[in-house]
There are 2 protein chains.
Amino acid sequence: MTTDLPSTIRLNPQDNVIIALKDLVAGAVIPGLEAALLETVPRGHKIACRPIVAGERVIRYGQTIGLASRAIAPGEHVHVHNLSMGGHAEAQEFSTEIRALPAPAENRHFMGYHRADGKVGTRNYLGILTSVNCSGSVARFIAEAVEKQGWLDEFENVDGVVPIVHGTGCGMSGRDEGYETLFRTLQGYARNPNFAGILLLGLGCEVMQVPDLVGRGRMRADGNIRYMTIQQTGGTRRTIERGVEQLKEMAAVANQAVRAPAGLEHLVIGMQCGGSDGYSGITANPALGVASDLMVAHGGTTILSETSEIYGAEHLLTRRAVTPEVGAKIVERIRWWEDYTARNGGEMDNNPSPGNKKGGLTTILEKSLGAVAKGGSAPLTQVYKFAEPVTERGFVFMDSPGYDPCSVTGQIASGANLIVFTTGRGSVSGYKPTPCIKLATNSEMYARMSDDMDINCGDIVTEGVSLEAKGREIFELFLRVASGEKTKSEELGFGGAEFVPWQMGAVM
Amino acid sequence: MTTDLPSTIRLNPQDNVIIALKDLVAGAVIPGLEAALLETVPRGHKIACRPIVAGERVIRYGQTIGLASRAIAPGEHVHVHNLSMGGHAEAQEFSTEIRALPAPAENRHFMGYHRADGKVGTRNYLGILTSVNCSGSVARFIAEAVEKQGWLDEFENVDGVVPIVHGTGCGMSGRDEGYETLFRTLQGYARNPNFAGILLLGLGCEVMQVPDLVGRGRMRADGNIRYMTIQQTGGTRRTIERGVEQLKEMAAVANQAVRAPAGLEHLVIGMQCGGSDGYSGITANPALGVASDLMVAHGGTTILSETSEIYGAEHLLTRRAVTPEVGAKIVERIRWWEDYTARNGGEMDNNPSPGNKKGGLTTILEKSLGAVAKGGSAPLTQVYKFAEPVTERGFVFMDSPGYDPCSVTGQIASGANLIVFTTGRGSVSGYKPTPCIKLATNSEMYARMSDDMDINCGDIVTEGVSLEAKGREIFELFLRVASGEKTKSEELGFGGAEFVPWQMGAVM
Ligand SMILES: [Ca+2]
Ligand SMILES: [Ca+2]
Ligand SMILES: [Ca+2]
Ligand SMILES: [Ca+2]
Ligand SMILES: [Ca+2]
């Protein structure tokens, strides 16, 4: 450790608080802070960096986390004794904090696979999509047979065959919200641009019927889709043989796709955090926020999700909503979640815990901002249900649980062709057909799990790298990965177990 | 088709109705029926084979399906016009129909793996059990690495390494019924005697914590268990290396197990039906009932499940319960199911549908008997929750949804070392570590899917094979498969996708 490392971080130029990066004692001299530290402040806690009058907004991440309950002098510790939610911070406001992003200095592009429906893939996989758990093993057998036979190597533009296997699709109602959610999820995967073709495989007698999924229209605009059931085909061996033949035909079509320049309006990036730690909210998440804003400024789309982590702090998003109607959708989802957890015998509670408070988080707004910080400061252009197709550009929200594999599954079904995932404890996972970039929140975990982590954001603390610089580094990796550079989790072969549809309703 | 095939079947010697195996016209002469057929009777419908007085019980499968609503003559069609539930059939009775099974003529045994806790395995696998979806891919990588390295071939008594991967374990409450159910399921797999050893693998930050699963005692009596988390081990590559080393040590121990004679009291057979058809209730299910009774008479255990399929006909089981306390547990589960489906916005309804009635099913008792027939006529010795360890011998009930992979998962967690599965439409599936015997209900499907089906029960109709003979054939296959003979689904390699814990509660 060198002594010129920063002892505090300011997360946004507009902030009137800074965050201690180590335990600081009264009287310490903080560069950039005019006064000496007035009292002892533990690591992770806030220090006023400007005079704040009683009733003034306290700003972190450039956003309001509460109101000063009395006057606060620079160098003072800011926490529960002088900061509270107040009336203003709790008020439900719509579209009151819309801030345009600066126009980008240059045009950027990536190299992707242009699809018949106008979307662009970052990968070129063939998928074997299963309607029900009961066709899962056979889907894997087909993929194994293809691999064993070796002919896929001749189709050098095809990234591989991906079985999409799950635990549901039957033993469920055929006409409730759970069914509709699974239906959207499966259709969304079939249409994700990272697939060049889909073999849809059912057993035959399941609730989630293959003909219903295929529907009357074309399930894929390119027509590169086949479907069958094991029962109609005559059992496992015949289904494997026929599936391999069909994939051979589909691979010939898929192999004609080549990467070509595509504007960033064709990138749809699902943002996720999992295994958060005390650094998530000061390193990886705000750095990703910078990258998200850059992507949005360039015309791209970023998806924030994990509704349970913004509960009670939905004002953070309603204020950024481009219209009150968009903001109202957030509120509608929050009400839905209250009903969903109540009918399952639980309740929503996102308030700072005693442990959160000890770590320096004062209000529910501040806690939730740690997660919302991934979404930068761009206006919120639309709100989607889980697995609903994302059609608006810019910064959007898709409703989902916080549970990583389930949330990412919804984002990919919504059309995400790239995933970025911040983690403090070290999550290892991949989500075929979509590449996943891992951002480590701290240098210790990065050093220990460097085979799994794509970027270390811990150096914001350990080496004083700026959030702006880290955000640009993440943004540049977005473009390289979108253009074909493999992520760590792709190199390791992840993605065969992480398809986890949101299962709602009774298992019957 | 030869003309000497039976045109009707009597499912039990005590029955006062027989079932038409084809459409029969008035005046037809039915062997064994004294009167000529009095009216036209469609295939699948009932014909009185003895005079039945008004108010008398109508008996099918040796069990009451309702009361005659008026006098019925031999040769008359029995259906909604002369058969109803009546007061008696609906009455909740406990332990009123306990019938001892005849003692077996000979002692039988199988060749199994005797474990340290006194249980006996029918297979000798090593398992990689995952606490959470987030360790699923790495569990598979470890199994793939073992296979690639080839050293497992030296341990010829070991059947293989089985990754047990699922979609849950986090994004859930840590203290509700859903958590407890998953906890029991994972512990049950760790202790199933078909595993010679368990490597328990977590990510680290999940709700379902590895240390909680391991607990304070020994998770396995033989001590052949290792556990680790990916985060503590330092990422994917190191976890694979370490996991392979640990499995090598465990394989040396597992390889010392050899098959030795075991009494049938060590067989625990999970019974399942999936993709039922009009033949299920007259061929495979009652034939399995004969085999179940044989197994129970020999001291073995058979598990009936699929609570949603006995709903409204729970009297069938309460009357066979060895004590009123055991019967009351069935009723308690039924009440639980009513609450479970109601809070999920659905309802229980097992009444015969118009299609059922057209097919010849008159009352809810009769419809449910089609499923319950798998359990023969033995007394019901105990009732268990999903995945609860089965400790009583004889015919028992374990609560579960009807959904095949989920129900079987519970049975294996409860200790099943053999699964038998009747299917009409043709289900293809396997459930490592436990072999699964498939019984086809009809000859047409058997011919079409013979690679997947172990026994054809359709010949009861197409060749006049007796239920008794078919039951003995099934029973003999139980012993051969328990002793090591591979089932069709084992030969095909099934069992890698069908671990489906019962997910209850909100995904958070
Ligand atoms: Ca290739
Ligand atoms: Ca999280
Ligand atoms: Ca998450
Ligand atoms: Ca072997
Ligand atoms: Ca079933």
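Residues numbered from 1 in each chain as written. Chains lettered and ligands numbered in written order. Predicted model: local features only at pLDDT ≥ 70, side-chain atom pairs only at ≥ 80, totals over all residues. Heavy atoms only, no water.

In the annotation of an unreviewed UniProt entry, the entry for chain A reads Galactonate dehydratase, and the organism field reads Hoeflea olei. Reading the Sequence similarities (unreviewed entry) entry of the UniProt record for chain A gives the comment "Belongs to the UxaA family." (UniProt positions renumbered as here; feature names shortened; annotations may be inferred.)

**A look at the interface of chain A and chain B**
Many analyses report the size of an interface as the accessible area lost when the parts associate. Between chain A and chain B, the contact holds 60 residues from the first and 60 residues from the second. Contact between chain A and chain B buries roughly 4,600 Å² in total, counting both sides, with carbon and sulfur atoms accounting for 54%. When the buried surface of chain A facing chain B is broken down by residue, Tyr403(A), Val507(A) and Met508(A) rank first, second and third, together holding 15% of it. Our count for the contact surface shared by chain A and chain B stands at two salt bridges. For the side of chain A that touches chain B, the secondary structure elements donating two or more residues are helix H2 (136–149), helix H5 (230–233), helix H6 (236–254), helix H9 (324–343) and helix H12 (404–413) of chain A. Take the side of chain A that touches chain B: its biggest share by element is five residues, from H2(A). Residues belonging to the side of chain A that touches chain B are distributed by class as follows: 26 nonpolar, 24 polar and 10 charged. (Contact = heavy atoms within 4.5 Å. Buried area = accessible area lost by both parts, 1.4 Å probe. Salt bridge = Lys/Arg side-chain N within 4 Å of Asp/Glu carboxyl O. Helix = DSSP H or I, 4+ residues; strand = E, 2+ residues; numbered from the N terminus. Nonpolar A, V, L, I, M, F, W, Y, C, P; charged D, E, K, R; others polar.)

**Quick word on the coordination of the calcium ion (ligand 5)**
Coordination of the calcium ion (ligand 5) by the protein involves Gln272(B) (OE1), Cys273(B) (O), Glu306(B) (OE), Gly402(B) (O) and Asp404(B) (OD), with metal-donor separations of 2.2 to 2.5 Å. Classification of Gly402(B) by relative accessible area gives buried; the value is 8%. (Donors = N, O, S within 2.8 Å, 3.2 Å for Na, K, Ca; no water. Buried < 20%, exposed > 50% of the residue type's maximum accessible area, 1.4 Å probe, protein only.)

**Observations concerning the relation of the copies chain A and chain B**
Applying a rotation about an axis and a shift along it to one chain copy brings it onto the other copy. Take chain A, turn it by 180°, move it 0.0 Å along the axis, and it overlays chain B with an RMSD of 0.1 Å. On this basis, the relationship between the two copies can be described by a two-fold rotation axis. For chain A, the residue whose C-alpha comes nearest the rotation axis is Arg343(A), separated from it by 2.9 Å. When the interface residues of chain A are mapped onto chain B, 100% of them again lie at the interface, so the same face is used by both copies. (Least-squares fit on C-alpha atoms with pLDDT ≥ 70 in both.)

**Topic: the environment of Ile198(A)**
Residue and element names in this part refer to chain A. With respect to the helices and strands, Ile198 occurs in strand S12 (residues 195–202). For Ile198, a relative accessible area of 1% translates into the label buried. Residue contacts for Ile198: discarding those within four places in its chain leaves Gly127, Leu129, Tyr189, Ala190, Arg220, Asn224, Ile225, Arg226 and Met250.

**Here's the deal with the sheet that holds strand S4 (residues 57–60) of chain B**
Residue and element names in this part refer to chain B. Taken in spatial order, the three strands make up an open sheet running S4-S5-S7, and their pairing is antiparallel. Only two strands of the sheet have a single neighbouring strand rather than two, namely S4 and strand S7 (83–84). By the bridge criterion, four bridges tie S4 to strand S5 (residues 63–68) in an arrangement that is antiparallel. Counted as the bridge partner of Val58 is Gly66 from S5. (Pairing = 2+ DSSP bridges.)

**Structural notes on the packing of aromatic side chains**
All names here are of chain A. In this structure the tally under the stated criterion is 22 aromatic pairs over all chains. Geometrically, the ring pair formed by Trp337 and Tyr340 is edge-to-face, given 5.3 Å between the ring centres and 90° between the ring planes. Remark: Tyr340 and Trp337 occur in helix H9; sequence separation between them is three residues, near one turn of the helix. Judged by its relative accessible area of 2%, Tyr340 is buried. The aromatic ring of Phe421 is capped on one face by Lys438, whose charged end is 5.6 Å from the ring centroid. (Phe/Tyr/Trp six-rings, centres within 6.5 Å; stacked < 30°, edge-to-face > 60°. Lys NZ or Arg CZ within 6 Å of the ring centre and 35° of its normal.)

**A short note on the packing of H2(A) against H6(A)**
A pair of packed helices is captured by two measures, namely the crossing angle of their axes and the spacing between those axes. All names here are of chain A. Contact geometry of H2 with H6 gives a least axis separation of 9 Å together with a crossing angle of 55°. Judged on the interaxial angle alone, H6 and H2 are oblique. Crossing geometry of H2 relative to H6 is assigned as right-handed. Packed against H2, whose contacting residues are Val138, Phe141, Ile142, Ala145, Val146 and Gln149, the element H6 presents Thr236, Thr239, Ile240, Gly243, Val244 and Leu247 at the interface. (Axes fitted to C-alpha atoms, helices over the stretch in contact; angles between N-to-C directions. Parallel < 35°, antiparallel > 145°, perpendicular 65-115°, else oblique. Left-handed = near helix turned anticlockwise from the far one by under 90°.)

**Here we look at the state of the cysteines**
A complete count under the given rule lists zero disulfides over all chains for this structure. Just so you know, Cys205(A) is unpaired, no disulfide at all, and the nearest cysteine sulfur is the one on Cys170(A), 6.4 Å from it. The partly exposed category is assigned to Cys205(A), whose relative accessible area is 25%. Among the cysteines around Cys273(A), which has no disulfide bond, Cys205(B) carries the closest sulfur, lying 11 Å off. Owing to a relative accessible area of 3%, Cys273(A) belongs among the buried residues under this scheme. (Disulfide = S-S within 2.5 Å.)

**Overview of the sheet that holds strand S1 (residues 8–9) of chain B**
All names here are of chain B. Pairing is antiparallel across the open sheet formed by four strands, whose spatial order is S1-S2-S3-S6. Whereas interior strands pair on both sides, the edge strands pair on one side only; in this sheet they are S1 and strand S6 (77–78). Relative to strand S2 (residues 17–20), S1 is paired through two bridges, and the arrangement is antiparallel. Residue Ile9 lies in a different strand from S2, and its bridge partner there is Ile19.

**A few points about the domain arrangement of chain A**
Residues and elements named next belong to chain A. We note that the domain assignment places domain 1 (1–91), domain 2 (125–256) and domain 3 (264–492) within chain A. Here the C-alpha centroids of domain 1 and domain 3 sit 25 Å apart. At the interface, 27 residues of domain 1 touch 28 residues of domain 3. Summing the contributions of domain 1 and of domain 3, the shared interface buries around 2,100 Å²; its carbon and sulfur component is 60%. Counting every contact that joins domain 1 to domain 3 gives two salt bridges. Its salt-bridge partner being Glu366, residue Lys46 comes within 2.8 Å of it at the nearest N-O pair. Our count for the contact surface shared by domain 1 and domain 3 stands at 11 residue pairs in polar contact (both at pLDDT 80 or more). Broken down by secondary-structure element, the contributors of at least two residues to the side of domain 1 that touches domain 3 are strand S5 (63–68), strand S7 (83–84) and helix H1 (86–90). Per-element tally for the side of domain 1 that touches domain 3: the top contributor is S5, with four residues. Split into classes, the residues belonging to the side of domain 1 that touches domain 3 amount to 14 nonpolar, eight polar and five charged. (Domains from an automatic or database assignment. Polar contact = N/O pair within 3.5 Å; in protein donor to acceptor, adjacent residues only side chain to side chain.)

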